[in-house]
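What follows is each chain in one-letter form.
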Amino acid sequence: MTMILSRRAILAAGALLAAPTPLRAQGAMRLLVIGGGFGGASAASFARRSYPDVQVTLVEPQRAFVTCPYGNLLLGGERQISQITHSYDGLRARGVTLVHDRAAGIDAAAKTVRLAGGQTLAYDRLILSPGIALRWGAIEGYDQAAADVMPHAWIPADGAQTLLLRRQLEAMPDGGVVGLAIPGNPFRCPPGPYERISMIAHYLKRHKPRSKIIALDAKEGFSKQGLFQDGWRALYGDMIEWVPGNRDGKVVKIDVAERVLETEFGTRHKVDVANVIPPQSAAALAAETGLVNDSGWVPVNTRTFEARAAQGIHVIGDANIPGPMPKSGYVANTTAKQAVASAVALHRGQTPPEAVYFNTCYSHVGENYGISVVGIFRPNADGTAITEVPNSGGVSPRGDLPEQRRAEAIYADAWYDSITRSMFG
């Protein structure tokens, strides 16, 4: 049967297509989450568990999430890519609406998000967890094309960069040199480069024991430094050379063709495999929405994680400026919960809950050898700053403590399993 539509019906249909897609029946709060990493997945999961009357939609282009944590263990040969890849089926089963698309623009005044595929989503509150952007060009000669030769392996995406670095280590001759370029603060996962050094050494010790690692660092110190260096000496002897910024460790130029890392005083380090971790900023979507300041990161109210530049948008994960809290997976998880609770309370005209934030960061240094740092943080009364609670945290004790190291390696694995299960089901 042929149906003939009237002009009025056609216009009405067109208006419906052009209008923002309603996320639920009228009256229910619409919580839209952009980004399905540690921040966004934690927010979506927590919202569904804690506020069943709130509709939760998660926008994420990837069909599965490859974690940055434990990517270093893949380099060390202790994990496979399938073991650090998580589907979104668990979130979907909890009632989260998944939209696999890329957010192309945010209209904070209209409370809508435009997707690359053409759809527009309306929201009551937005949880924005866009992650980081690599500052291409901050190191001369290092751009996206260079990353195909000298991988950064710092934004996992589908895991291609981490797998590329792994293949290069496997192809390197015994007796070769691995060079790392490490940025200044702030950047994602402060202990990450040093766990990476450890796990690469762990692989080389077993398969290419005559090889060396030279780590060129823009900084003069790093997280858990004494513990890492104790472990390096105990496990790897003189395989690792760490060069701080005050000893000409800052890499300013890359020669991809010659595989050379050049420092600010002109020292050229020729290597067989290079891992270049460039300086970073908040992801482009945050900048394009006008949320970042001159630092390149998003200032937020530290009690609610609402962006200073736009009401109704709560920015979590690595994109914001979290004061003394590190850009870690645990911090993304704990602040996601506070942001969701605050978003719901503010939508309902209520006072957001009191906030307390936690961080625990484990690092693997070798087989059965783990170390950690712990911190507890609170925002001040007006949400302009965060301070670490005095005497609340600390780091693993130093010394020859094999049982302590073995136990912390087990705790690290348990942490990873529990937090990914909490996020993805």
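Residues numbered from 1 in each chain as written. Predicted model: local features only at pLDDT ≥ 70, side-chain atom pairs only at ≥ 80, totals over all residues. Heavy atoms only, no water.

Take the overall build of the chain next. Counting secondary structure elements, the chain contains 11 helices and 23 strands. Taken against the 2.2 N^0.38 rule, which gives 22 Å for 425 residues, the C-alpha radius of gyration of the chain at 23 Å falls within 12% of a compact globule. Counting only C-alpha atoms and orienting by the principal axes, one finds that the chain spans roughly 80 × 50 × 40 Å. Evaluated residue by residue, the chain yields a buried proportion of 54% over its 425 residues. Intrachain contacts of the chain at a sequence separation of at least 6 include 66% that bridge at least 24 residues. For the chain, the computed accessible surface area is about 18400 Å², with 51% contributed by carbon and sulfur atoms. Taking the 43 positively charged and 38 negatively charged side chains of the chain as two groups, their mean positions are separated by 7 Å. (Helix = DSSP H or I, 4+ residues; strand = E, 2+ residues; numbered from the N terminus. Rg over C-alpha atoms; globule rule 2.2 N^0.38 Å. Buried < 20%, exposed > 50% of the residue type's maximum accessible area, 1.4 Å probe, protein only. Contact = heavy atoms within 4.5 Å. Areas by Shrake-Rupley, 256 points an atom, 1.4 Å probe, with all protein chains shown as cover. Lys, Arg positive; Asp, Glu negative; His and termini not counted. Charge placed at Lys NZ, Arg CZ, Asp CG, Glu CD.)

Bringing the UniProt feature "domain: FAD/NAD(P)-binding" (unreviewed entry) in the chain into the picture now. Mapped onto this structure's residue numbering, the UniProt feature "domain: FAD/NAD(P)-binding" (unreviewed entry) falls at residues 30-142. Here residues 30-142 is 20% helix and 34% strand, with 41 Å between the C-alpha atoms at its ends. (UniProt positions renumbered as here; feature names shortened; annotations may be inferred.)

Counting through the fold element by element, Arg166 comes out in helix α6 (residues 160-171). Using a relative accessible area of 16% as the deciding quantity, one classes Arg166 as buried. Setting aside chain neighbours within four positions, we find Arg166 in contact with Leu74, Leu75, Gly76, Gly77 and Tyr203.

Before going further, it helps to examine the side chain of Thr335. Within the secondary structure, Thr335 sits in helix α10 (residues 329-347). Among residues more than four places away in sequence, those in contact with Thr335 are Phe305, Ile316, Gly317, Met325 and Tyr357.

We now examine the pairing of strand β20 (residues 357-366). Each regular strand carries side chains that alternate between the two faces of the sheet. With 8 of 10 residues buried, β20 is to be regarded as a mostly interior element. Taking the residues that link successive antiparallel strands as the turn, the β20-strand β21 (residues 369-379) hairpin has 2 residues, and the phi of Asn368 there is positive, at about 55 degrees. (Pairing = 2+ DSSP bridges.)

This paragraph deals with the UniProt feature "domain: Flavocytochrome c sulphide dehydrogenase flavin-binding" (unreviewed entry) in the chain. In the numbering used here, UniProt assigns the feature "domain: Flavocytochrome c sulphide dehydrogenase flavin-binding" (unreviewed entry) to residues 353-424. Across residues 353-424 one finds 32% helix and 36% strand; the C-alpha atoms that close the span lie 25 Å apart.

This part takes up the state of the cysteines. All told, the structure shown has 0 disulfides when counted by the stated rule. With no disulfide of its own, Cys68 lies 5.8 Å from the sulfur of Cys189, the closest cysteine sulfur. The closest cysteine sulfur to the non-disulfide-bonded Cys189 is located on Cys361, 5.3 Å from its own sulfur. (Disulfide = S-S within 2.5 Å.)

What follows concerns the pattern of salt bridges. Enumeration according to the criterion identifies 17 salt bridges in this entry. Put simply, Arg125 and Glu306 hold a salt bridge, and the shortest N to O gap is 2.9 Å. Of this pair, Arg125 sits in strand β9 (residues 125-128) while Glu306 sits in the loop between α9 (284-288) and β19 (313-315), and the two are 181 residues apart along the sequence. By relative accessible area, Glu306 is classed as buried at 15%. Between Arg188 and Asp318 there is a salt bridge, with its nearest N and O atoms 2.5 Å apart. Taken together, the residues span a long stretch of sequence, with Arg188 in the loop between β11 (177-182) and α7 (192-207) and Asp318 in the loop between β19 and α10 at a distance of 130 residues. A residue is classified by how much of its surface remains accessible, and Arg188, at 14% relative accessible area, is buried. Three or more residues joined by partner-sharing salt bridges are found here, namely Asp230, Arg233 and Arg398. (Salt bridge = Lys/Arg side-chain N within 4 Å of Asp/Glu carboxyl O.)

Here we take up the environment of Leu163. By the element assignment, Leu163 lies in helix α6. Beyond its immediate chain neighbours, meaning those up to four positions away, Leu163 contacts Leu74 and Ile81.

Leu31, Ile34, Ile106, Val113, Ile127, Ile313 and Val315 are the most contacted members of the largest nonpolar core, which has 74 residues in total. By residue number, the principal contributor to this core is α10, which donates 8 residues. Sequence-distant contacts of Ile127, defined by excluding residues within four places in its chain, comprise Leu31, Leu32, Val33, Ile34, Ala43, His314, Ile316, Ala339, Val340 and Ala343. Grouped together as the second largest cluster of nonpolar side chains are 28 residues, Leu75, Leu165, Tyr203 and Trp242 included. (Core = buried A, V, L, I, M, F, W, Y, C linked by side-chain atoms within 4.5 Å.)

On to the packing of aromatic side chains, then. In this structure the tally under the stated criterion is 13 aromatic pairs. Ring centres of Tyr88 and Phe424 lie 5.7 Å apart, and the angle between their planes is 70 degrees; on these two criteria the pair is classed as edge-to-face. Within this pair, whereas Tyr88 is found in the loop between β4 (85-87) and α4 (89-93), its partner Phe424 is found in helix α11 (residues 402-424), the two being separated by 336 residues in sequence. Here the two residues Tyr88 and Phe424 agree in accessibility, since each one is buried. For the ring pair Phe222 and Phe228, a centre distance of 6.2 Å and an interplane angle of 55 degrees mean the geometry is tilted. Through a chain of ring-to-ring contacts, the aromatic side chains of Tyr194, Phe222, Phe228, Trp232 and Trp242 assemble into a single cluster. (Phe/Tyr/Trp six-rings, centres within 6.5 Å; stacked < 30°, edge-to-face > 60°.)

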